Amino acid sequence: MNRRQFQKLAGTTALATALSPVLAAPRARKAASSVDRLTYDYSQFCAVPERQRIFHAVRGGTIVSERLDERSWRPTDYSALAALPIVGGSTDGVPLTPPLPQLAGQGPFEPSWESLLQYACPDWYRDAKFGIWNHWSPQCVAEDGDWYARNLYEQGSMQGRFHREHYGHPSRVGYKDLCAQWTLLNWQPEQLMAVYRRAGAQFFLALANHHDGFDTWNSRHHPWNAQNMGPRRDVIGDWASAARHEGLRFGVSVHQARNWWWFQTAHGSDSSGPLAGVAYDGRLRLEDGKGQWWEGYDPCAV
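Since the model is a prediction, treat every value here as computed from it, not as a measurement.

Analysis parameters
- Residues numbered from 1 in each chain as written.
- Predicted model: local features only at pLDDT ≥ 70, side-chain atom pairs only at ≥ 80, totals over all residues.
- Heavy atoms only, no water.
- Helix = DSSP H or I, 4+ residues; strand = E, 2+ residues; numbered from the N terminus.
- Buried < 20%, exposed > 50% of the residue type's maximum accessible area, 1.4 Å probe, protein only.
- Contact = heavy atoms within 4.5 Å.
- Areas by Shrake-Rupley, 256 points an atom, 1.4 Å probe, with all protein chains shown as cover.
- Salt bridge = Lys/Arg side-chain N within 4 Å of Asp/Glu carboxyl O.
- Pairing = 2+ DSSP bridges.
- Right-handed = clockwise from strand over helix to strand, strands pointing away.
- Axes fitted to C-alpha atoms, helices over the stretch in contact; angles between N-to-C directions.
- Patch = residues over 30% accessible without salt bridge, like charges linked within 9 Å, V, L, I, M, F, W, Y side chains within 5 Å.
- Phe/Tyr/Trp six-rings, centres within 6.5 Å; stacked < 30°, edge-to-face > 60°.
- Arc of directions from axis to C-beta.

Engineer: For this particular structure, what's the right way to read the overall build of the chain?
Structural biologist: When helices and strands are counted, the chain shows eleven helices and seven strands. Each of the 302 residues in the chain was classed as buried or not, and the buried ones make up 45%. A separation threshold of at least 6 residues defines the contact pool for the chain, and within that pool the share at least 24 residues apart is 62%. Total accessible area on the chain stands at roughly 16,100 Å², and carbon and sulfur atoms take up 51% of it.

Here's what the structure looks like:
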């Protein structure tokens, strides 16, 4: 787990009552099993003013509390994630014991390796030799490749240059604005699904949520979704209906495990040029939307 991922688990001084004494302490200590006592959610975390937030990092085998500078912070390389000093251990920086109560919901599986090992691959999947996956989200508006939402904020990247040339500087026009432009005016899911079936597909998968955090269905988790903006329709629901009509098995893919650090680029700024140091729109908050098209939509809620 890199610093940003662990920050989501660790919390703030304003929410210290929800944390164990170990994590709320101002100095480094060994973490204990009480790490699983966290009870707040991300919206509560965002509600705390940035300068009041206390973050946590893993340093030298201990969890260290510290303040974080959004402008200078950089994510840990995914291949160098630190092992967490917590009871139950971690894999790829993720606690093997869930840090939040009832994280698994009401499904048949618990968030543990032991539970997941009980999963049995369905017979239909063993027999189906060909399927199609549609990786479709507001990132497709620019038609400039994968990971566009992240890379548009990279000043020297190809997609960063493309975005500045075609849309403007990301301090003014960022990924939030592409969400509104993903209108799907000519989308015909029924016709597409018929083509997929004739091509021999036996199952179809659709992107439900990428690392950008945008939900492509009528989501109850947050308002940045396809029903509230952009196409203003339940994209996943329409895909599902079309697939089942054609007799295809249907599934969704969710990529949100990475979005905590993946979108950190949106919180930076140019390091050179006429707008050096001007914050990108990732640092906008709910109150900044007054009078804008996104008024009432908290950018921090994604």
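From this point, the discussion proceeds with the structure in view.
Engineer: Got a minute to help me understand the pattern of salt bridges in this structure?
Structural biologist: Two side chains carrying opposite charge are able to pair once their charged atoms lie near each other. Tallied over the entire structure, the rule returns seven salt bridges. Two residues, Asp-270 and Arg-164, come together in a salt bridge whose shortest N-O distance is 2.7 Å. Of this pair, Asp-270 sits in the segment after α11 (259-262) while Arg-164 sits in helix α7 (residues 158-166), placing them 106 residues apart in sequence. Note that Asp-281 and Lys-176 form a salt bridge whose closest N and O atoms lie 3.0 Å from each other. In this pair, Asp-281 is assigned in the segment after α11 and Lys-176 in helix α8 (residues 175-181), connecting sequence segments 105 residues apart. Look at Asp-281 and you get buried, because its relative accessible area is 4%. Overlapping salt bridges, with partners in common, bring together Lys-176, Asp-177 and Asp-281 in one network.

Engineer: Would you mind going over the pairing of strand β6 (residues 203-209) with me for this structure?
Structural biologist: The side chains of a regular strand alternate between both faces of the sheet. Buried residues dominate β6, accounting for six of its seven residues. In this structure, strand β5 (residues 131-134) lies alongside β6, joined through four bridges in parallel fashion. Looking at the pairing, Trp-133 lines up with Leu-205 of β6. In this sheet, strand β7 (residues 249-254) lies alongside β6 in parallel orientation, the contact comprising six bridges. Looking at the pairing, Phe-204 lines up with Phe-250 of β7. Taking the sense of rotation as the criterion, the β-α-β connection linking β6, helix α10 (residues 235-245) and β7 turns out right-handed.

Engineer: Would you mind showing me how to read the sheet that holds β7 here?
Structural biologist: The strands that make up a sheet pair up through hydrogen bonds in the backbone, lying either parallel or antiparallel. The parallel open sheet is built from three strands, whose spatial order is β5-β6-β7. Each of the sheet's edge strands pairs with one partner strand only, and the pair in question is β5 and β7. Recorded for the sheet is a direction-independent mean angle of 25 degrees between the axes of neighbouring strands.

Engineer: For this particular structure, what's the right way to read the pairing of strand β1 (residues 55-59)?
Structural biologist: Counting buried positions over the five residues of β1 gives four, a clear majority of the element. In this structure, β1 lies alongside strand β2 (residues 62-66), joined through five bridges in antiparallel fashion. Bridge pairing in β2 places Ala-57 opposite Val-64. Linking β1 to β2, which pair antiparallel, is a turn of two residues; within it Gly-60 sits at a positive phi near 60 degrees.

Engineer: Hey, could you run me through the environment of Leu-185 in this one?
Structural biologist: Position of Leu-185 among the secondary structure elements: in the loop between α8 and α9 (189-198). A C-alpha to C-alpha distance of 7.5 Å links Leu-185 and Pro-231, two positions 46 residues apart in sequence.

Engineer: In this structure, what is going on with a nonpolar patch on the surface? I would like to understand it.
Structural biologist: Together, Trp-113, Leu-116 and Leu-117 make up a nonpolar patch on the protein surface, roughly 360 Å² of accessible area in all. Along the polypeptide, Trp-113 turns up in helix α4 (residues 113-116).

Engineer: What am I meant to see in unusual backbone geometry here?
Structural biologist: Across the chain, the bulk of peptide bonds are trans and the bulk of non-glycine residues have phi less than zero. One non-glycine residue with positive phi stands out, namely Trp-147, at about 60 degrees. Judged by relative accessible area, Trp-147 falls into the partly exposed class, the value being 25%.

Engineer: What am I meant to see in the packing of aromatic side chains here?
Structural biologist: Tallied over the entire structure, the rule returns 20 aromatic pairs. Taking the centre distance of 6.1 Å and the plane angle of 85 degrees together, the rings of Trp-182 and Phe-214 count as edge-to-face. One end of the pair, Trp-182, is in the loop between α8 and α9; the other, Phe-214, is in the loop between β6 and α10, and 32 residues separate them in sequence. Here Trp-182 falls in the buried class, since its relative accessible area comes to 3%. Cluster of aromatic residues (ring-pair linked, three or more members): Trp-136, Trp-182, Trp-187, Tyr-196, Phe-204, Phe-214, Trp-239 and Phe-250.

Engineer: Is there a simple way to explain α9 in this structure?
Structural biologist: Since the α-helix advances by 3.6 residues per turn, residues separated by three or four positions end up pointing in the same direction. Buried within α9 we find Pro-189, Met-193, Ala-194 and Tyr-196. The buried residues of α9 occupy an angular sector of 160 degrees when projected down its axis, which confines them to one face. The inward-facing, buried residues of α9 abut β5, β6 and α10.

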